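# Remarks on the overall topology
Now for the letters of each chain:
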Amino acid sequence: MRMTQRLRWLAISVVLALTLAACNGSSADTTLAAGEGTAPTEENGDGGSGAAPECSVDEVDGPLNFYNWSDYIDPDLITAFEEQYDVDVVETFYDSNETMIAQIQAGVVYDLIVPSDYMVAILIEEGMIAPLNKDAIPNIENVSEQFQGLYYDETFSYSVPYQWGTTGLGVNLSVLGTDFPRSWALVFDPELTASYPSGVSLLNDPRETIGAALIYLGYSLNETSEDALQEAADLIRASNVTTFDSDQYPDNLVNGEVPVSHGYSGNFFTTFAETENPDNWEYVIPEEGATLWVDNLAIPTAADHPCTAHTFINFLLDAENGAQLSEWTLYATPNAAAEELLDPEIREDPAIYPDDETFERLETIQDQGDAEILYTDYFNMARGG
């Protein structure tokens, strides 16, 4: 295949992912509906992902090699699926979309992956995920109307929503008290961060971390001008950052290693709940705005067992299984049938299901085409690379 500018970015991501190993328009764009930058579909002929596999409902064709974010599914659901369909599920984990796509580009074979919204668009365009056979996924009808017409895959041609949430800040109240700014200043204001002897933790993720700095500076997190990206990189370098981490960041917070940590909503909630004093911690959606993301289930074109993958997707879209998933992860569900079964404490928690005022401040990460490489370049620069 000819190495396009996009694939050059992917190749650089491979190197960056391996190096960092030793995770979502305009600033007012909070819609999940289709718009500019809509991903290619089977109908428009782009992407070149081939035909959907011929699978029937509940068909399995071998074990499931499941490549997922860590701590992102109830182990009991895995066990239930294995017992119901008499197949094994082999789980492997990643800490960013860039790490995941680097592995696929390197030829590692998985049957099911969990890419975020903008990454779905890239995977479709590069022909790395296969069209879905919706006849084998009857529970797809449970997906909420809010998630119909997603900008990166309008008709669920290649992906199905899995979970959604926000990216914000976890705070140790015993260190900061309760009278602190609900702002990105907690990690980007040098005067504030200098007062934390142990520094702060930021995600090891180009789009999320550069995006957060851009928001604090008054830009869209999808800004691509190099002047703005340079500002963001300089801001990050000037902050008192102890670690860039997309895996252990909630543990680093509750263990006292840092007083403020950048990360994903549900990971904080589940970690806080396991501490002796859950009220000692707070999850903050910064007042300047934050990322609204949707993670999805998708099947790589090289999958060995696509029918088992379809059956697993259908299994997770069952109402009861979907509710069990969100009650374990403490992320919001895009499954309308499952949402009706959720514990009211989860369904009515504004930190999990933001109110309208907060929702207006959220923004989705969108694929910026050839400019994607810039986020990686400036993130590497921010880290001192």
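This text follows the structure it describes.
Attention here is on the structure that accompanies the text.

The rules behind each value
Residues numbered from 1 in each chain as written. Predicted model: local features only at pLDDT ≥ 70, side-chain atom pairs only at ≥ 80, totals over all residues. Heavy atoms only, no water. Helix = DSSP H or I, 4+ residues; strand = E, 2+ residues; numbered from the N terminus. Areas by Shrake-Rupley, 256 points an atom, 1.4 Å probe, with all protein chains shown as cover. Buried < 20%, exposed > 50% of the residue type's maximum accessible area, 1.4 Å probe, protein only. Axes fitted to C-alpha atoms, helices over the stretch in contact; angles between N-to-C directions. Parallel < 35°, antiparallel > 145°, perpendicular 65-115°, else oblique. Contact = heavy atoms within 4.5 Å. Nonpolar A, V, L, I, M, F, W, Y, C, P; charged D, E, K, R; others polar. Left-handed = near helix turned anticlockwise from the far one by under 90°. Arc of directions from axis to C-beta. Polar contact = N/O pair within 3.5 Å; in protein donor to acceptor, adjacent residues only side chain to side chain. Phe/Tyr/Trp six-rings, centres within 6.5 Å; stacked < 30°, edge-to-face > 60°. Lys NZ or Arg CZ within 6 Å of the ring centre and 35° of its normal.

## Considering the overall build of the protein chain
Looking only at helices and strands, the protein chain features 17 helices and 10 strands. For the protein chain, the computed accessible surface area is about 14900 Å², with 45% contributed by carbon and sulfur atoms.

## Here we look at unusual backbone geometry
With phi around 70°, Asp-58 is a residue other than glycine that occupies positive phi space. Following the sequence through the fold, Asp-58 ends up in the loop between α1 (5–21) and β1 (64–69). By relative accessible area, which is 40% here, Asp-58 ends up partly exposed. Of note, the phi angle at Phe-156 is positive, near 55°, even though the residue is not glycine. Here Phe-156 shows up in the loop between α4 (117–125) and β4 (159–172).

## Some remarks on the packing of helix α2 (residues 75–85) against helix α13 (residues 319–329)
Put simply, α2 and α13 touch, their axes get as near as 9 Å, and they point 150° apart. Taken together, α2 and α13 sit at an angle that is classed as roughly antiparallel. Only Asn-321, Gln-324, Leu-325 and Trp-328 of α13 make contact with α2, whose side of the interface consists of Pro-75, Asp-76 and Leu-77. In terms of residue class, the contact of α2 with α13 is made up of 4 nonpolar, 2 polar and 1 charged.

## Here's the deal with the packing of helix α9 (residues 226–238) against helix α17 (residues 372–382)
In a packed pair of helices, the relevant descriptors are the angle between the two axes and the axis-to-axis distance. Put simply, α9 and α17 touch, their axes get as near as 8 Å, and they point 30° apart. It follows from the interaxial angle that α9 and α17 lie roughly parallel. Between α9 and α17 lies a crossing whose hand is right-handed. Within the contact between the two elements, α9 uses Glu-226, Leu-229, Gln-230, Ala-233, Ile-236 and Arg-237 and α17 uses Leu-374, Tyr-375, Tyr-378, Met-381 and Ala-382. Residue composition of the contact of α9 with α17, grouped by class: 8 nonpolar, 1 polar and 2 charged.

## Some thoughts on the side chain of Thr-311
Relative to the elements of secondary structure, Thr-311 occurs in helix α12 (residues 306–316). For Thr-311, a relative accessible area of 2% translates into the label buried. Other than its neighbours up to four places away in sequence, Thr-311 contacts Asp-58, Glu-59, Val-60, Phe-81 and Tyr-85.

## Topic: α2
Listed as buried for α2 are Leu-77, Ile-78, Phe-81 and Tyr-85. The buried residues of α2 occupy an angular sector of 105° when projected down its axis, which confines them to one face. Exposed residues lying more than 90 degrees from the buried face of α2 are Asp-76 and Glu-83. Looking at the packing, one finds that the buried side of α2 touches β1, β2 (89–94), α12 and α13. Its side-chain oxygen 2.9 Å from the backbone nitrogen of Asp-76, Asp-74 forms the N-cap of α2. Phi turns positive, to about 55°, at Asp-86, one or two residues after α2.

## A word on the packing of aromatic side chains
Going through the model one piece at a time under the given rule, you end up with 25 aromatic pairs. Ring centres of Phe-81 and Tyr-85 lie 4.9 Å apart, and the angle between their planes is 40°; on these two criteria the pair is classed as tilted. One end of the pair, Phe-81, and the other, Tyr-85, are both in helix α2, 4 residues apart, so they sit about a helical turn from each other. Here Tyr-85 falls in the buried class, since its relative accessible area comes to 14%. When the ring of Phe-268 is compared with that of Tyr-283, the centres are 5.9 Å apart and the planes differ by 35°; the resulting orientation is tilted. Taken together, the residues Phe-268 in helix α11 (residues 265–273) and Tyr-283 in strand β8 (residues 281–284) connect sequence positions 15 residues apart. Of the two residues, Phe-268 and Tyr-283, neither departs from the other in class, the shared state being buried. Across the ring face of Phe-180, the terminal group of Arg-182 is positioned such that the distance to the ring centre comes to 3.7 Å. Over the ring of Tyr-118 we find Arg-207; its NZ or CZ atom is 5.5 Å from the centre of that ring.

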